[in-house]
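Observations on the three-dimensional arrangement
Given next are the chains, with one letter for each unit.
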Amino acid sequence: MIAADFNYEAPTSLDEAFTLLRKYGDEAKILSGGHSLIPMMKLRFASPECIIDINNIPGLSDITREGDIMKIGALVREAQVEHAAELLEHFPIFADVTKLIADPQVRNMGTVGGNLAHGDAANDHPAVMMALRASVVIAGADGTRVVPIDEFFFGFYSTAIQPDEILTEIQIPMPSPYTGSAYHKLERKVGDYATAGVAVQLTIDANGICTYAGIGLTNVNPLPMRAARSEEALVGKKITDETIAEAARYASDDCNPSADLRGDVEYKRAMVGVLTKRMIHKAAQRAVA
Amino acid sequence: MKQITVTVNGQPHSAEVEPRLLLVHLIRENLNLTGTHIGCDTSSCGACTVLLDGKSVKSCTVLAVQANGKSVSTVEGLCAPGAALNPLQEGFKENHGLHCGFCTPGMMMRATELLEHNPDPTEDEIRWGISGNLCRCTGYNNIVKAILYAGAKMRGEEPASTEPQFV
């Protein structure tokens, strides 16, 4: 399968990229890892007039900690995340999630930034970033803005990124001590989208009380979804079988999955419940470890 | 049209290409290196796996222009004609790691990077490591054995016997 013809530009600075975006507007697409974009172009679901390859722009490929914020550059590959010691130490959820994203070759190309910017609720990082209450840095010729993840997703393939802007970084607040995180998705086979996926981050204080809960759901809602009632059911309480069951029930009730080859609505709701329970358990164990 | 230079198996090649030309087509059609196969053409099967600057990628989902200035290794680069087999090639031969052979080039290129990062992988690590490569003869057991054999050989150890075990 061959994509429709397009112009290819490979700017070497963000300013150059912004000039190109101004020129092409809606007709340009940003290429980072390309593993969502190129398949769509080959299937002719997307036929952009111009591809702006940002891989030659320096400074976007690092994972760095600055004080209370962990920063993931737009061009950080999934494979890079698998070996990022400091990130994994504080956020073990990334070891869970990267292993479940596509396969090793795709992870060598695919980027965390692209996984978010694609604006697909079936992708895995949106739910993870919701659990971690991350923010997305969006840059344009007129300046840079920081958008909380809850205000980032607008609709299917639609995000807060405007046609003349680029996602440049993801910012994750460093967790308090005694915080744990975990992710799992049920998938039929390697490389498939999630039947359902659940991301959890918890902080548990010295008295065993949950002081922070972040829970994000993958592919069971038109938009990436925060399980807000589940979070409320945990914060201020001890993590017991009862509170976990209540949180899982809310996640199962509040999501809006659609039936497809991966399962019917009832099945997916049930799996959200099971995964929510398991991920709360796992995150809680990691929090106190 | 874009002018690109790509080093393939150590040899620099310059070409004028349409931006939409896929890396796999550059390799197969412009350079006549047909060892790299096109299977699913949707980044699922891994038959088109090559190394791009040492990292395994699915060349059906990479544009040739993205490889500009980079180096590509294909299955043809594993050993020179007439030279002794690369340990992976030997492993696949000794362990009957191929049946129809269609997935083999992709399997070997993926295993090349796998063994570089993890010279002594467990069977489980190999299975996860080749999870992006499909074999439709379902010869996975022997492919895993072939990679274990190559790993041992590369570490200078005695590979496990390839004699069939009857139970």
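Residues numbered from 1 in each chain as written. Chains lettered and ligands numbered in written order. Predicted model: local features only at pLDDT ≥ 70, side-chain atom pairs only at ≥ 80, totals over all residues. Heavy atoms only, no water.

Under an unreviewed UniProt entry, the name given to chain B is (2Fe-2S)-binding protein, and the organism recorded is Fibrella rubiginis.

Per an unreviewed UniProt entry, chain A goes by the name Xanthine dehydrogenase family protein subunit M and belongs to Fibrella rubiginis.

Describing the overall build of chain A
So the rule is basically this: Counting from the N terminus, the helices are the DSSP runs of H or I reaching at least four residues and the strands are the DSSP runs of E reaching at least two. Radius of gyration means the value over C-alpha atoms here, while the globule rule gives 2.2 Å times the residue count to the 0.38 power. We call a residue buried when its accessible area falls under 20% of the maximum for its residue type, exposed when it is over 50%, and partly exposed in between, using a 1.4 Å probe and counting protein chains only. The Shrake-Rupley method, run with a 1.4 Å probe, gives the accessible areas here. Residue values count only the displayed protein chains as cover. In this tally Asp and Glu are treated as negative and Lys and Arg as positive; neither His nor the chain ends contributes. Note that the charge is assigned to NZ on lysines, CZ on arginines, CG on aspartates and CD on glutamates.
Looking only at helices and strands, one finds eleven helices and 14 strands in chain A. Taken over C-alpha atoms, the radius of gyration comes to 19 Å for chain A, in line with the 19 Å a tight globule of 289 residues would show. Here chain A holds 289 residues, and the buried ones make up 57% of them. Working note: accessible area of chain A is about 11800 Å², and carbon and sulfur atoms make up 51% of it. Taking the average place of the 27 positive charges on the side chains of chain A and the average place of its 38 negative ones, the gap between the two points comes to 6 Å.

Side note on the packing of aromatic side chains
Rule in force here: When two rings of Phe, Tyr or Trp (its six-membered ring) have centres within 6.5 Å they constitute a pair, described as stacked for plane angles under 30 degrees, edge-to-face for angles over 60, and tilted for the intermediate range. As a reminder, the over-ring test applies to NZ of lysine and CZ of arginine, requiring each to be within 6 Å of the ring centre and within 35 degrees of the ring normal.
Taken as a whole, this structure holds three aromatic pairs over all chains when the rule is applied. Taken together, a centroid distance of 5.0 Å and an interplanar angle of 85° make the contact between A:F152 and A:F153 edge-to-face. Taken as a pair, A:F152 and A:F153 share a single burial class, namely buried. Ring centres of A:F156 and A:Y157 lie 4.0 Å apart, and the angle between their planes is 25°; this geometry places the pair in the stacked category. Under the relative-accessibility criterion, A:Y157 is labelled partly exposed at 39%. Stacked on the ring of B:W128, the Lys or Arg A:K99 has its end atom at 4.3 Å from the ring centre.

Details of the sheet that holds strand 14 (residues 225–226) of chain A
Residue and element names in this part refer to chain A. Rule in force here: For two strands to pair, DSSP has to find at least two bridges joining them. We call two residues in contact when some of their heavy atoms are within 4.5 Å. Only the stretch in contact is used when fitting a helix axis, every axis being a line fitted to C-alpha atoms; angles between N-to-C directions are given from 0 to 180 degrees.
Strands sit in the order 11-12-13-14 across an open sheet of four strands; the sheet is antiparallel. This sheet does not close on itself; its edge strands, each paired only once, are strand 11 (179–186) and strand 14. The sheet strands contacting helix 8 (residues 125–132) are strand 11, strand 12 (196–204), strand 13 (210–218) and strand 14, and the helix crosses strand 13 at an angle near 165°.

Quick word on helix 10 (residues 241–254) of chain A
Residue pairs spaced three or four apart in an α-helix point in one direction, given the helix's 3.6 residues per turn. Note the threshold: The span one expects for a helix is its residue count, reduced by one, times 1.5 Å.
With 14 residues, helix 10 of chain A extends 20 Å from end C-alpha to end C-alpha; this agrees with the ideal 20 Å at 1.5 Å per step. Taken residue by residue, helix 10 of chain A has A:T243, A:I244, A:A247, A:A248, A:Y250, A:A251 and A:S252 as its buried positions.

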